Amino acid sequence: MPLVEFVAGWISGAVGLVVGHPLDTVKVRLQTQSVYRGICDCVVKTYTREGFHGFFKGMSFPVLSVALSNAVAFGSYSNALDYLTPCHRSSSPLSAVFMAGCFSGLTQLFVSAPIDLVKVRLQNQTEGRPGGSKYRGPAHCVAVILRQDGVRGLCRGMWALALRDVPCYGLYFLPYELICRTLTEKGKQPGNSAVLVAGGVAGVVTWACATPMDVIKARLQMSGGGGRVYSGVLHCITVSVREEGVRVFFKGLLLNSVRAFPVNAVTFLSFEMLMRAMTDSSHD
């Protein structure tokens, strides 16, 4: 994997994470806790009890480690697409784009699963909630999980994450490539406005499809960490539907959609600009 893609993936992923983390915290709490009446109620209670800092819980660990997961995702996508269509990359068939995206979702899974688990556990620590201060930070959270559940504990929710990420990464890159091609003259590089629009739309489309399994993933990750205990994906789906109805799968959908456009627009634009800058400088 080229070094430039690793660096570009790290920086662009970190920028996108900082932009979207406050809304992500609200989304995770709505999906895993039943004490909030809605988005506004969650925002007000979080700010009242924990201040502005409460919206950024669990962010330091992903920011420091997003280098690897983002580089794996973008790097594996690029390499897979080059392998599937070695000639005329700019006109790769959309089927190849989707397959390369699914491959990138699979490869980044092994890196992102433990990171996402720690993030969700830390985001769910709220003042005034039993066990609210179970973890002192990311390192302590990892240590507690390893002590209680072993290495296997760091993979909690991985199957749900796989069901979410593998197909959704295919959907992630598909609209991005399609919109960039539509908004760009043949033979030219996509402009910043095209990248922003394509990245934002790609994010919204992806999260609209990913939200149902995102709910299940978050609940499984909290299982054994202060949340209800589930035996697996099917058990979590069955119990959730029986107690809350089908609408449970759409908890956080509005927040995911609102957050997805700016986060992914910034992520793709940062990645493309960094790639161009570093590629041009290497040729000088």
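For the structure, check the block above.
Everything in this summary refers to the structure shown in the same document. (Residues numbered from 1 in each chain as written. Predicted model: local features only at pLDDT ≥ 70, side-chain atom pairs only at ≥ 80, totals over all residues. Heavy atoms only, no water.)

**Structural notes on helix H5 (residues 138-149)**
Right, on to step 1. Its 12 residues place the ends of H5 16 Å apart at the C-alpha level, agreeing with the 16 Å of an ideal helix rising 1.5 Å per residue.
Right, on to step 2. Buried residues of H5: His-140, Cys-141, Val-144 and Ile-145, and no others. Along H5, the residues classed as buried sweep out an arc of 135° about the axis, all on the same side. Set apart from the buried face of H5 by more than 90 degrees, the exposed residues are Ala-139 and Arg-147.
Right, on to step 3. Taken together, the buried residues of H5 touch helix H4 (94-123). (Helix = DSSP H or I, 4+ residues; strand = E, 2+ residues; numbered from the N terminus. Expected span 1.5 Å × (residues − 1). Buried < 20%, exposed > 50% of the residue type's maximum accessible area, 1.4 Å probe, protein only. Arc of directions from axis to C-beta. Contact = heavy atoms within 4.5 Å.)

**What about the packing of aromatic side chains?**
Right, on to step 1. All chains considered together, the criterion is met by 11 aromatic pairs.
Right, on to step 2. Their ring planes at 90° and their centres at 6.1 Å tell us that Phe-173 and Phe-268 sit as a pair that is edge-to-face. Of this pair, Phe-173 sits in helix H6 (residues 158-183) while Phe-268 sits in helix H9 (residues 253-283), and the two are 95 residues apart along the sequence.
Right, on to step 3. Given the relative accessible area of 1%, Phe-173 is considered buried.
Right, on to step 4. Residue classification places Phe-268 among the buried residues on the basis of a relative accessible area of 2%.
Right, on to step 5. Following the ring pairs from residue to residue traces out a cluster consisting of Phe-74, Tyr-77, Tyr-169, Tyr-172, Phe-173, Tyr-176, Phe-268 and Phe-271.
Right, on to step 6. Just above the ring of Trp-207 sits the side chain of Arg-259; from NZ or CZ to the centre is 5.1 Å. (Phe/Tyr/Trp six-rings, centres within 6.5 Å; stacked < 30°, edge-to-face > 60°. Lys NZ or Arg CZ within 6 Å of the ring centre and 35° of its normal.)

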